Amino acid sequence: MTTTKKATLSFSDGTPSIEFPVHSGATGPDVIDIRKLYGATGKFTFDPGFLSTAACESKITYIDGDKGELLYRGYPIEQIAEKCDYLDTCYLLLNGDLPDAKQSKDFNWTVMHHTMVHEQMTRFFQGFRRDAHPMAVLVGCVGALSAFYHDSLDISNSEHRMISSIRLVAKMPTLVAMAYKYSIGQPFMYPKNDLSYTANFMRMMFGTPCEEYTPNPVLVKALDRILILHADHEQNASTSTVRLAGSSGANPFACIAAGIATLWGPAHGGANEACLVMLDELQRAGGVEKIGEFIRQVKDKSSNVKLMGFGHRVYKNYDPRAKLMRETCYEVLEELGLENDPLLKIAMKLEQIALEDDYFVQRKLYPNVDYYSGIVQRALGIPTDMFTCIFALARTVGWIAQWAEMISDPDQKIGRPRQLYNGSVRRDIR
Ligand code: ACO
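Since the structure is predicted, the reported quantities are computational estimates derived from the model, not experimental observations.

Q: Teacher, can you tell me more about the pattern of salt bridges here?
A: A side chain with one charge may pair with a side chain of the opposite charge, provided their charged atoms come close. Under the counting rule described, the total for this entry stands at 17 salt bridges. Here lysine 43 makes a salt bridge to aspartate 13, at a shortest N to O gap of 2.9 Å. Note that lysine 43 is positioned in the loop between α1 (37-41) and β4 (61-64) and aspartate 13 in the loop between β1 (2-9) and β2 (18-24), a separation of 30 residues in sequence. Under the relative-accessibility criterion, lysine 43 is labelled partly exposed at 26%.

This is the structure:
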């Protein structure tokens, strides 16, 4: 960080003007450091939704929303998606650089030898109704992990932080698959460590003890890519939640459970589920023919209908992950002989119409990663209500990398936003 510029804030109420340092990062917009504002003037800034507020300093992920660029530790997402697998991506996010061959092998071994969960965890699942939303199950079970690993919960110890990080990355596929198996009444599958991370997950999801499960490499690669594309995304709602929860000193398992809860919402990780539901409903209503009417509803503000999988707080050009996801979508559907999938047809037509419509053009609304990821996941056999769990699995590494970065920052403080109070002023009970 360099600090060579200054910003001056002046007031119309007689408060003396005040100068703030302006910091420049490695790239991206400068930030005005207003930390001394309240002490000097007795005033707060007001920025609900963090539209103009950088809440932390980070070296992990960079997004240029206007260019449609996403970098993990400096590497473009397109190159990572092409040349790395998910575990190498995890190593990169956690350690700052890509692993060499030995580091990659060791990291793989370590993660794959932490994939089992404590046998008692199975009882947690039995406490849930079979029709519980799997995200409800996941929030509970990931939070519950903190009850099992007292040996590594000293967050001031960097070794403990790394052990917890590995445990989370390693056990998430097991827990997600258990949530699915529980919902359909099939036995839990134990991990098989000689498979790749993603192939092992697919086996735990779709295999049964009755017969051997042979993962299809095209489908494994597709799911691995979904994991890579969702691995981190800078200071989004769930990541900021993890940081805020962690800022109080809470243990990493509890913080990740808070992140999962935030991810669940349809404006965030729930969008891929909501998008597929939208495409399904359109198909049932008459398919491609009904798109015009649907677009009219989306544009009518009183209808509260949104084009799910479109729009992004940061990307105002295109979401680079959406392009990669569309590519994967074609590969998977071709592999499975589903090129004529009716939902894909509707999705493509809807995208084409929206991209030419003034409403979307003026507001810079483009497909986001979730527009096509639902179609891919459905083709892989993943049920709709599991989509957000897959997102949570993928994002766990990003959350934990961001959490660890925050904890190791010597300037870290508990997060405590302020407010503009507009309620009753002091009054007495009569
Ligand atoms: N469909 C229709 N209109 C939209 C959409 C959409 N998907 N997204 C934004 N708009 C409109 C808004 O109504 C608003 O219109 P106005 O200026 O006339 O009031 C304008 O575009 C700006 O949108 P905001 O809501 O202010 O943008 P914001 O940055 O707050 O929201 C968000 C971004 C939440 C992603 C929004 O675009 C949305 O709800 N999209 C659909 C859900 C979705 O796909 N979420 C996934 C995000 S990616 C992820 O989490 C991995």
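Q: For this particular structure, what's the right way to read the environment of threonine 2?
A: If you trace the backbone, threonine 2 turns up in strand β1. C-alpha separation for the pair threonine 2 and aspartate 154, spaced 152 residues apart in sequence, amounts to 33 Å. For threonine 2, the contacting residues outside a window of four places in its chain are Val22, His23 and Ser24.

Q: Explanation requested: helix α12 (residues 271-285) in the structure shown.
A: Note: α-helices contain 3.6 residues per turn, so residues at a spacing of three or four share the same orientation. Between its first and last C-alpha, α12 extends 21 Å over 15 residues, near the 21 Å set by a 1.5 Å rise per residue. If you check which residues of α12 are buried, you get Ala271, Asn272, Glu273, Cys275, Leu276, Met278, Leu279 and Leu282. Of the surrounding secondary structure, the elements contacted by the buried residues of α12 are α13 (291-299), α15 (342-356), α17 (370-380) and α18 (387-407).

Q: Teacher, can you tell me more about the site of the ligand here?
A: Near the ligand there are 21 residues, and of these Lys301, Leu307, Gly309, Arg313 and Tyr359 occur at the shortest range. Between the ligand and lysine 301, the relevant distance is 2.7 Å, taken from an oxygen atom to a side-chain nitrogen or oxygen of the residue. A distance of 2.8 Å separates a nitrogen atom of the ligand from a polar atom in the side chain of tyrosine 359. Against a free-state accessible area of 920 Å², the protein chains account for coverage of 74% of the ligand.

Q: Which parts of the structure should I look at to understand the sheet that holds strand β3 (residues 31-32)?
A: Pairing between sheet strands relies on hydrogen bonds along the backbone, with the strands arranged either parallel or antiparallel. Pairing within the open sheet is antiparallel, and its three strands lie in the order β1-β2-β3. One side of each edge strand has no neighbouring strand; the edge strands of this open sheet are β1 and β3. Looking at chain direction, β1 and β2 are connected through six bridges and run antiparallel. Residue threonine 2 lies in a different strand from β2, and its bridge partner there is serine 24.

The rules behind the values
Residues numbered from 1 in each chain as written. Predicted model: local features only at pLDDT ≥ 70, side-chain atom pairs only at ≥ 80, totals over all residues. Heavy atoms only, no water. Salt bridge = Lys/Arg side-chain N within 4 Å of Asp/Glu carboxyl O. Helix = DSSP H or I, 4+ residues; strand = E, 2+ residues; numbered from the N terminus. Buried < 20%, exposed > 50% of the residue type's maximum accessible area, 1.4 Å probe, protein only. Contact = heavy atoms within 4.5 Å. Expected span 1.5 Å × (residues − 1). Near = heavy atom within 4 Å. Polar contact = N/O pair within 3.5 Å; in protein donor to acceptor, adjacent residues only side chain to side chain. Areas by Shrake-Rupley, 256 points an atom, 1.4 Å probe, with all protein chains shown as cover. Pairing = 2+ DSSP bridges.

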